[in-house]
Amino acid sequence: MIKVVKFGGSSLADAKQFQKVKQIVQNDDARRFVIVSATGRIHKKDNKITDLLYLCHAHLKYHVNCDAIFQMIEERFLSIQKELNLKYPITKDLNQLKEAMNKSIPLDYLVSRGEYLTAKLMAEYLGYTFLDAKDLIYFSYDGKIDFMKTKAMMEHALQENDRFVIPGFYGAMPDGQVKIMARGGSDITGAIIAKIVHADVYENWTDVSGILMGDPRIIHEPRRIDKITYSELRELSYMGANVLHEDAIFPVKEENIPINIRNTNEPHNPGTLIMEAEDEMQSDQVSPITGIAGRKDFTVVAIYKNHMSNEVGIIRRALSVFEKYQISIEHIPSGIDSFSVVVNSADIKDKIYEIVAELKTECHSDQVKVIDGIALIATVGRHMSSRPGISGQLFAVLGNNDINIRMIAQGSDEINIIVGVENKDFEKTIQVIYEHFVSQPHMMLSDRSDQS
Ligand code: ASP
């Protein structure tokens, strides 16, 4: 059994957190590949090392002294080293870095040092081999991961050792230059390693006990999701649930490797398992929904024209206008003589007048209406597809709570129902859906028997 384990910044924030990590790794012999983020923060007042490194670079760019910021970085690392009695000569590395900063230092190299130094300390602390991501994770010139080369490098490393600590978040371009990933990219490193070593599970250790069914700022103590499919997670993440870097799903999904989201501060909690749907027992006792997520601030552009249903190509012409202005489209709900295009308000706000004018000419429409301030809420669940009446209940619940639905969309695999409501109804919509389907599932069951 092989487990790839990734620890996020808050799991590495100080010596105490390092101790928890060691306990977790030592508790299971299968945890052979340890990926680390840069030392992060537990308390709001702390700073993430990555943020401080970015800040240093911004200072250097404008020739402003950044000694005070660099000192904060040094203190964080030195206190971990001292408290854990580690021998790694981190002062030497920090001094070298400081010297390099006096010349011109590439942003990617400087920012990647957070993960590098954290991994150096962790490798010694665990007694694992340090494997630098710049000698392992390779990008192609198009910015994509070169899996062939990365796999070959891993195989090479495995000839010498079998337990590694690897810094997340960066790799190397074909010429060897360090290149960082998007923020939160250590999740991606973990997924890449899990794929190339054919891990049985990819454990992602963070500071929450798994993925919650809804945003805790909106729902009081939402339940944890035990099991979620990759597709359900994609839907929830896209609609705003912030769990895992979304690019971390693809490498493991391709290999069908489950991801287990775990809490370093609550290691006995089983967390959430993200995996392919299996044959699961269907039961009316189980809530049909897996989670709810949503985002505010969408704009609906509605195009009206009599006898539109007989016209060929009108939707294509309308979409070409949005394409011309590089606007990504979220949904296209349609009626007989009208259809709407739902887009992110921020994307369209500076171009709206031109777009409306062009839609009128391209589509010869009778009217184009723009409705702002729309929130989209996705109710996601793989168990919805097999159970009739769920959408009926959802709409009824919103109606009973005086929430006006402005738009409805459902994906073709029936794992999500999306409703558009006014921004002001955003929180209430999420709360009443949760209340009906999760907090009071008995209500749901009795509703169903009423209907039959
Ligand atoms: N340290 C990087 C960040 O703060 C990458 C990561 O933590 O995954 O974004």
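You'll find the structure just up there.
Rules and cut-offs
- Counting starts from 1 at the beginning of each chain's written sequence and moves along it residue by residue.
- Thresholds applied to this predicted model are a pLDDT of at least 70 for local features of residues and 80 or more for the giving and counting of side-chain atom pairs; totals over whole chains, interfaces and linings are not thresholded and use all residues.
- Here the side-chain values reflect all heavy atoms present in the structure, with hydrogen atoms and water set aside.
- Where helices and strands are cited, they refer to DSSP runs of H or I of at least four residues and of E of at least two residues respectively, numbered from the N terminus.
- The criterion used for residue contact is that any of the two residues' heavy atoms lie within 4.5 Å.
- Strand pairing follows a simple DSSP-based rule, namely that at least 2 bridges must link the two strands.
- Between N-to-C directions, angles span 0 to 180 degrees; the directions come from axes that are lines fitted to C-alpha atoms, helices contributing only their stretch in contact.
- Each residue is tested against the molecule or strand, and it is near if at least one of its non-hydrogen atoms lies within 4 Å.
- Polar contacts here mean pairs of N or O atoms no more than 3.5 Å apart (in protein, one a potential hydrogen donor and the other a potential acceptor; neighbouring residues in sequence count only if both atoms are side-chain atoms).
- Surface accessibility in these figures is a Shrake-Rupley result with a 1.4 Å probe; residues are shielded only by whichever protein chains are displayed.
- By the convention adopted, Pro, Cys, Tyr, Trp, Phe, Met, Ile, Leu, Val and Ala count as nonpolar, Lys, Arg, Asp and Glu as charged, and the other residues, Gly among them, as polar.
- Buried residues are those whose accessible area, probed at 1.4 Å on protein chains only, stays under 20% of the maximum for their type, while exposed residues exceed 50% and partly exposed ones sit between those limits.
- To obtain the arc, one takes the directions from the helix axis to the C-beta atoms.
- Joining through side-chain atoms within 4.5 Å is the link that ties buried Ala, Val, Leu, Ile, Met, Phe, Trp, Tyr and Cys residues into a set, and such a set is a nonpolar core.
- Here the angle decides the label: under 35 degrees means roughly parallel, over 145 means roughly antiparallel, 65 to 115 means roughly perpendicular, and every other value means oblique.
- What makes a crossing left-handed is the near helix being turned counterclockwise from the far one by less than a right angle; a clockwise turn instead makes it right-handed.

*Asks:* Account for the environment of Lys48, with residues named and values stated.
*Replies:* Inspection of the secondary structure puts Lys48 in the loop between β2 (31–36) and α2 (49–61). Separated by 35 residues in sequence, Lys48 and Ala13 have C-alpha atoms that sit 8.4 Å apart. When sequence neighbours within four positions are dropped, the list of residues in contact with Lys48 reads Thr39, Gly40, Arg41 and Arg183.

*Asks:* Go over the sheet that holds strand β15 (residues 407–410), please, and point to the residues and values.
*Replies:* The strands that make up a sheet pair up through hydrogen bonds in the backbone, lying either parallel or antiparallel. In space, the six strands of this open sheet follow the order β12-β13-β11-β14-β16-β15, with antiparallel pairing throughout. The open sheet has two edge strands, β12 (329–331) and β15, and neither has a second partner. Each adjacent strand pair in this sheet contributes to an overall mean axis angle of 40 degrees, direction not counted. Pairing of strand β11 (residues 291–304) with strand β13 (residues 338–344), which is carried by seven bridges, proceeds in the antiparallel orientation. Counted as the bridge partner of Val301 is Val341 from β13.

*Asks:* Outline the site of the ligand, supporting the account with residue identities and numerical values.
*Replies:* As a structural note, the neighbourhood of the ligand is formed by Ser37, Thr50, Glu115, Phe169, Arg183, Gly184, Gly185 and Ser186. A distance of 2.7 Å separates a nitrogen atom of the ligand from a polar atom in the side chain of Thr50. Arg183 is positioned with one of its side-chain polar atoms (N or O) 2.7 Å from an oxygen atom of the ligand. If the ligand stood free it would expose 260 Å²; the protein chains cover 91% of that surface. Broken down by class, the residue content of the shell around the ligand amounts to one nonpolar, five polar and two charged.

*Asks:* Which residues make up helix α13 (residues 390–400), and what values go with them?
*Replies:* Inspection of α13 places Ile390, Gln393, Leu394, Val397 and Leu398 among the buried residues, and these make up the whole buried set. Along the axis of α13, the buried positions cluster into a sector of 135 degrees, meaning they face one direction only. Count one or two residues on from α13 and you reach Asp402, which has phi positive near 60 degrees.

*Asks:* Run through the sheet that holds strand β10 (residues 272–274), naming residues and quoting values.
*Replies:* One open sheet accounts for eight strands, arranged β3-β4-β2-β1-β7-β9-β10-β8; its pairing is mixed. Edge positions in the sheet fall to β3 (129–130) and β8 (227–228), since each of these pairs with one other strand and no more. Judged from the two bridges that link them, β8 and β10 form a sheet pairing that is parallel. For Ile228, the partnering residue across the bridge sits in β10 and is Ile274.

*Asks:* Explain the nonpolar core to me, using residue names and the numbers behind them.
*Replies:* Buried together is how nonpolar side chains tend to be arranged in soluble globular proteins. One finds Met154 and Ile193 to be the most contacted residues of the largest nonpolar core, which totals 120 residues. Counting residues per element, this core draws most heavily on helix α5 (residues 107–126), which supplies 10 residues. The residues contacting Ile193, other than those within four sequence positions of it, are Val4, Phe33, Ile35, Leu136, Ile137, Met154 and Ile166.

*Asks:* For the packing of α13 against helix α14 (residues 426–439), give the residues involved together with the corresponding values.
*Replies:* In contact at an axis separation of 10 Å, α13 and α14 are set at 130 degrees when each is read in the N-to-C sense. With respect to each other, α13 and α14 are oriented oblique. The hand of the α13/α14 crossing is right-handed. Counting all contacts with α13, which are made through Ile390, Gln393, Leu394, Val397 and Leu398, the residues of α14 involved are Thr429, Val432, Ile433, His436 and Phe437.

The values reported here are purely geometric and, on their own, carry no functional implication.
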